[in-house]
Amino acid sequence: MKNDSVSLNPSPGRRAASYWFIDGLPDLVSGLALILCGIAGLLWRMYAPSSWNRYYFVPVGLGFIAVFWNSRAILEFLKSRVTYPRTGYAQPPDESPAPRPLITLSLNPRRPVDDNVAYSRTWAVMVIWWYCIFSLDAPLERWAAPVVMPLLAATLYAVNRKSESPYQWWSALILALTGPVLLWVDLPPLLRPLAPLLLAGAWLAAQGACTFVGYLRANPCPQATEGVRA
Amino acid sequence: MTQLIQEIARLDRLIHEPARLTIMLILDGVGEADFLYLQREGGFTQGNLSGHLTKLEEAGYVAIEKKFKGKVPLTVCSLTGKGKAAFAAYSQRILSVFQSSGAADYARP
């Protein structure tokens, strides 16, 4: 589902940044994390006492913070078993460029062209998160998902367009179309505010799963446990 | 022209070899990488890469160490401080050679 951006980035640093996303695990883990957060919120709405019921965003938020904090460790664990034995280890990209001695006074600083730095994971998850916070707002009710999903898809596509892990336009279109579809499907009121979070999580996980399967097919399991030693 | 030739003669021959230059370039951009990643990225054979890495390690340009990622052992290579300085000096020198000879114009579209 993703462009093969590894071959489009000529500098070794940018290739290494793209390499982080080559197996689809970052998207898969982020997507599953968002789904779990949504399920936690749903369970809270179902089983919490009525006076506590409206605080369902608390488990969602706490779950999100916990996963976001530990996602690097989770990914390192998975990659050490799946990716590194197959295609090798390259230093994971930083999430922000290293501080430079020269301070650029600009609201739109130039992105590093050759650094091993990744933006898209943070972008994708944060964008989904902020839109889903917006959809938790009660007055939107039935219109939450139909309004939020196309906006979310457009934003995700736009902010990731030139990143090391861009999304295909048709993939973003699928996400956008889930919004209008939800106009016809009458979701239970319990599920309505959490639908965007669950849908976005499922979309992200599906992206990751497709990339992951493609990666495993292209790189079958090696014989040795450590790849090749120097 | 004589000065230009002298500049060329002063290029670090250890880095100037294409395979080793590729290794230095990859490690400079990536930070650290294991043997398998270098092999795939540079299109090396095992023996070829091993030989070049040994030379770079002997010169103190590359550090090779065993690391554990999770419980999986990896042979990780990275540029040392000396290696980074040598690569920066080499890049600067070869760039100035191209610029002063006018050869840099060929690279422009």
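Residues numbered from 1 in each chain as written. Chains lettered and ligands numbered in written order. Predicted model: local features only at pLDDT ≥ 70, side-chain atom pairs only at ≥ 80, totals over all residues. Heavy atoms only, no water.

A. Molecular detail of the confidence of the model for chain B. On average, residues of chain B carry a pLDDT of 87, and 92% of them reach 70 or more. Here the prediction assigns the complex a pTM of 0.79, and the interface score ipTM is 0.82. (pLDDT = per-residue confidence, 0-100.)

B. Here's a closer look at the pairing of strand β3 (residues 72-79) of chain B. Residue and element names in this part refer to chain B. Summarising burial for β3: seven of the eight residues are buried, a large majority. As judged from the three bridges shared by strand β1 (residues 32-34) and β3, these two strands associate in the antiparallel manner. Paired with Ala33 across the bridge in β3 is Cys77. As paired strands, strand β2 (residues 62-69) and β3 are joined by eight bridges and run antiparallel to one another. Paired with Lys69 across the strands is Val72, a residue of β3. (Buried < 20%, exposed > 50% of the residue type's maximum accessible area, 1.4 Å probe, protein only. Helix = DSSP H or I, 4+ residues; strand = E, 2+ residues; numbered from the N terminus. Pairing = 2+ DSSP bridges.)

C. Inspection of the nonpolar core at higher detail. Core analysis: the biggest nonpolar cluster contains 28 residues, and Ile128(A), Leu152(A), Leu156(A), Leu175(A), Leu194(A) and Leu197(A) have the highest contact counts within it. Going through the elements one at a time, α2 (25-47), α3 (57-82), α5 (120-135), α6 (144-160), α7 (169-184) and α8 (195-218) of chain A are the ones with two or more residues in this core. The next biggest cluster of nonpolar side chains, apart from the first, holds 27 residues, and it includes Leu27(B), Cys77(B), Leu79(B) and Ile94(B). (Core = buried A, V, L, I, M, F, W, Y, C linked by side-chain atoms within 4.5 Å.)

D. Just the pattern of salt bridges, in detail. Applying the stated criterion across every chain, the model contains three salt bridges over all chains. Across the salt bridge formed by Arg15(A) and Glu41(B), the nearest N and O atoms sit 2.4 Å from each other. In this pair, Arg15(A) is assigned in helix α1 (residues 12-19) and Glu41(B) in helix α4 (residues 35-42), connecting two distinct chains. With relative accessibility at 21%, the residue Arg15(A) sits in the partly exposed group. Overall, Glu41(B) belongs to the partly exposed group, its relative accessible area being 25%. For the salt bridge of Lys67(B) with Glu32(B), the shortest nitrogen-to-oxygen distance reads 2.8 Å. Of the two residues, Lys67(B) sits in strand β2 while Glu32(B) sits in strand β1, which places them 35 residues apart along the sequence. When its relative accessible area of 24% is taken as the criterion, Lys67(B) is described as partly exposed. Among the residues examined, Glu32(B) registers a relative accessible area of 10% and is labelled buried. (Salt bridge = Lys/Arg side-chain N within 4 Å of Asp/Glu carboxyl O.)

E. The arrangement of α4(B) in detail. For α4(B), the set of buried residues is Phe35(B), Leu36(B), Tyr37(B), Leu38(B) and Gln39(B). Where α4(B) is buried, its residues meet α1 and α4 (84-87) of chain A together with α3 (18-30), β1, α5 (46-58) and β3 of chain B. The positive-phi residue at the C-terminal boundary of α4(B) is Gly43(B), with phi of around 70°. (Contact = heavy atoms within 4.5 Å.)

F. Structural context of the packing of aromatic side chains. Residue and element names in this part refer to chain A. Under the defined criterion, the tally for this structure stands at three aromatic pairs over all chains. Between Tyr84 and Tyr89, the aromatic rings sit 5.0 Å apart at their centres with planes inclined by 85°, giving edge-to-face as the arrangement. The residues Tyr84 and Tyr89 share a single accessibility class, namely buried. Plain terms: the ring middles of Tyr167 and Trp203 are 5.0 Å apart, the flat faces sit at 55° to each other, and that makes the pair tilted. With a gap of 36 residues between them, Tyr167 in the loop between α6 and α7 and Trp203 in helix α8 connect regions that are remote in the sequence. A single burial state applies to Tyr167 and to Trp203, both of which are buried. A cation over a ring is seen here: Arg72 above Trp20, with NZ or CZ 4.7 Å from the ring centre. (Phe/Tyr/Trp six-rings, centres within 6.5 Å; stacked < 30°, edge-to-face > 60°. Lys NZ or Arg CZ within 6 Å of the ring centre and 35° of its normal.)

G. Structural context of the sheet that holds β3(B). Residue and element names in this part refer to chain B. Read from one edge to the other, the open sheet built from three strands follows the order β1-β3-β2, with strand pairing classed as antiparallel. Both outer strands of the open sheet, β1 and β2, are each paired with one neighbouring strand and no more. On average, each strand axis in the sheet is tilted by 35° relative to the strand beside it, whichever way the strands run. (Axes fitted to C-alpha atoms, helices over the stretch in contact; angles between N-to-C directions.)

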